[in-house]
Amino acid sequence: MNCCSSCSSYSSSEDNMNSSRRFDSYSEAFTKNFITFVLVFTIICINGAFVYTYFKSKDFQRDPRYVLYIHLVINDMIMLTLSLGLVIATYTGNPGFIPCWIMLVVLITTNRNSPLNLAGMALERYIAVCLPLHHVQICTVQRAHLLIALIWLVSFIPAFTDIIIILITQTLSVFSKTVFCNASLVFNTPYHETLSLVVEVLMFSFVFLTVVLTYLNVLLAARGVSGVGRASMRNTRNTILLHGVQLVLCLLSFIAPFINLFLVTNWPHKRTDIFFSTFVFTNILPRLLSPLIYGLRDKKFRGNIRKHFCFKGCRTVEERMKVRPRRTSKPAIH
């Protein structure tokens, strides 16, 4: 049930993988796949509501803040769909090397997109508050789209480099083989491990510093403002703080292998249960919390979602309340 090197939820060696599969009975495998499917389907439906709301409103599409936000949501939907596909493939059969490599490259890329997207959103909020006169010129929809393209490029290059390392270190016959589609098994050379470690440390150091510095600058700027401006800065400060929470949620998928190693070492007989639990809590659930804590907190987004998805029901209730005659109290009989 391993999705990618950074969101690893299963063992890092083929022996561990085989032993974990032997421990799963048919009913256990079915239950885990069913739970995974239900969770992923639910999250995709919720995120789909945000995407639908975004594309139904021109105001959202003209705001770079929402452009970056909806990219984060769509990015998570792609990652979850591929994760579900690899989970099912774990139990149904092994794909060829090339289809597996394509899925892993997209999966690793989308996983690394999330923290970079959060950094872009934090910078946009910082510019909106600390450089309000320049916000319109700096933060445009076109530049938001360029930033998204840059994010994909930065995340794709290390993932593409993984296959270059395979071409250099292994024979071409590997491309004709069927493989267990697990990043730690496909990209298993010391060069891959070094590359992954360097990229992840650099990426999260950059994102962490970006979020912290923008938060501190907004916090300092808020001290000299009062009234409506202070309330706006407080809202922006809380928004950037939420980006920090989202970043922590993203970090969970990167520390999952270490959690697995610690737990499996102490409870080896619970191997598959540990792998499944950490996969759900470090990869799936954060993708549910991430858009909700940001999207539903936004009054404009929340109002439009209510308009598109519960407007008819709310209108029916309101009409019934208006039509229903008011009860008048009967005069008391003395």
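Fair warning: this is a prediction, and the values are worked out from it, not measured in the lab.

**A short note on the overall build of the protein chain**
- Within the protein chain one finds 13 helices and 0 strands.
- For the protein chain, the α and β elements follow one another from N to C terminus as α-α-α-α-α-α-α-α-α-α-α-α-α.
- The buried share of the protein chain, reckoned over its 334 residues, is 44%.
- Nonlocal contacts in the protein chain, meaning residues at least 24 apart in sequence, comprise 81% of its contacts between residues at least 6 apart.

**A word on the confidence of the model for the protein chain**
- Residue-level pLDDT values for the protein chain average 77, and 81% of them are 70 or greater.
- Looking over the protein chain, one finds the lowest element-wise mean pLDDT in helix α1 (residues 14–23), namely 41, and the highest in helix α7 (residues 141–169), namely 91.
- Every residue in residues 5–22 scores below 50 in pLDDT, and together they form 54 contacts with partners more than four places removed in sequence or on other chains.
- Predicted confidence for residues 328–334 stays below pLDDT 50, and this span has 0 contacts to residues more than four positions away or in other chains.

**Description of the nonpolar core**
- Of all hydrophobic cores here, the largest spans 35 residues; its most connected members are Phe-50, Tyr-54, Tyr-69, Ile-70, Val-73 and Phe-301.
- For this core, the elements supplying multiple residues, two or more each, are α2 (26–56), α4 (64–92), α5 (97–130), α7, α9 (190–223), α10 (228–266) and α12 (299–309).
- Once residues lying within four places of it in the same chain are set aside, the contact partners of Ile-70 are Phe-50, Val-51, Tyr-54 and Phe-301.
- Met-79, Leu-86, Phe-97 and Ala-159 belong to the second-largest nonpolar core, a separate cluster that totals 19 residues.

**Structural notes on the UniProt feature "transmembrane region" (unreviewed entry) in the protein chain**
- Per the UniProt record, the feature "transmembrane region" (unreviewed entry) sits at residues 34–55, 67–89, 95–111, 146–175, 195–220, 240–262 and 274–296.
- The span residues 95–111 is 88% helical and 0% strand by assignment, and the distance between its end C-alpha atoms comes to 21 Å.

**Remarks on the packing of aromatic side chains**
- Tallying each qualifying case throughout the model produces 7 aromatic pairs.
- Judged by centre distance (6.2 Å) and plane angle (15 degrees), the ring pair of Phe-30 and Phe-34 falls under stacked. Taken together, the positions of Phe-30 and Phe-34, both in helix α2 and 4 residues apart, correspond to about one turn of that helix.
- Note on Phe-30: relative accessible area 52%, which makes it exposed.
- By relative accessible area, Phe-34 is classed as partly exposed at 49%.
- Connected via pairs of aromatic rings, a cluster forms that spans Trp-101, Phe-156 and Phe-160.

**So, α12**
- Three or more residues of α12 are buried, namely Phe-301, Asn-304 and Ile-305. For α12, the buried positions fall inside an angular range of 105 degrees around the axis, keeping them on one side. Among the exposed residues of α12, those pointing more than 90 degrees away from its buried face are Lys-299 and Lys-307.

**Details of the pattern of salt bridges**
- Summed over all chains, the structure comprises 5 salt bridges.
- Among the ionic pairs, Arg-287 bridges to Asp-76, the shortest N-O distance being 3.7 Å. With Arg-287 in helix α11 (residues 271–295) and Asp-76 in helix α4, this pair connects stretches of sequence that are 211 residues apart. Neither Arg-287 nor Asp-76 differs from the other in exposure class; each is buried.
- The closest approach of N and O atoms between Glu-200 and Arg-112, which form a salt bridge, is 3.9 Å. Of this pair, Glu-200 sits in helix α9 while Arg-112 sits in helix α5, and the two are 88 residues apart along the sequence.

**Quick notes on a nonpolar patch on the surface**
- Taken together, the side chains of Tyr-26, Phe-30, Phe-34, Ile-35, Phe-37, Val-38 and Phe-41 define a hydrophobic patch exposed on the protein surface, amounting to about 770 Å² of accessible area.
- Among the secondary structure elements, Phe-37 is positioned in helix α2.
- A residue is classified by how much of its surface remains accessible, and Phe-37, at 42% relative accessible area, is partly exposed.

Criteria and thresholds
Within each chain, residue numbers correspond to sequence positions counted from 1 in written order. pLDDT decides what is reported in this predicted model: residues at 70 or higher carry local features, side-chain atom pairs at 80 or more are listed and counted, and totals for whole chains, interfaces and linings draw on all residues regardless. As a rule here, side-chain values come from all non-hydrogen atoms in the structure, and water together with hydrogens is ignored. Here a helix means four or more residues in a row that DSSP labels H or I, a strand means two or more in a row labelled E, and each is numbered from the N terminus. Each residue gets one of three labels from its accessible area relative to the maximum for its type: buried under 20%, exposed over 50%, partly exposed in between, using a 1.4 Å probe on protein chains only. Any two residues having at least one pair of non-hydrogen atoms within 4.5 Å are treated as being in contact. pLDDT measures the predictor's confidence residue by residue and takes values from 0 up to 100. Joining through side-chain atoms within 4.5 Å is the link that ties buried Ala, Val, Leu, Ile, Met, Phe, Trp, Tyr and Cys residues into a set, and such a set is a nonpolar core. UniProt positions are given in the numbering used here, feature names are shortened, and annotations may be inferred rather than shown by experiment. Any two rings among Phe, Tyr and Trp, with Trp reduced to its six-membered ring, count as a pair given centres within 6.5 Å; such a pair is stacked if its planes are under 30 degrees apart, edge-to-face if over 60, and tilted if neither. The arc refers to the directions leading from the helix axis to the C-beta atoms. In the sections that follow, a salt bridge refers to a side-chain nitrogen of Lys or Arg positioned within 4 Å of a carboxyl oxygen of Asp or Glu. Patch rule: a residue counts if its relative accessible area is over 30% and it has no salt bridge; like charges are joined within 9 Å, and nonpolar side chains (Val, Leu, Ile, Met, Phe, Trp, Tyr) within 5 Å. For accessible areas, the Shrake-Rupley method is used with a probe of radius 1.4 Å. Any residue's cover is judged against the shown protein chains and nothing else.

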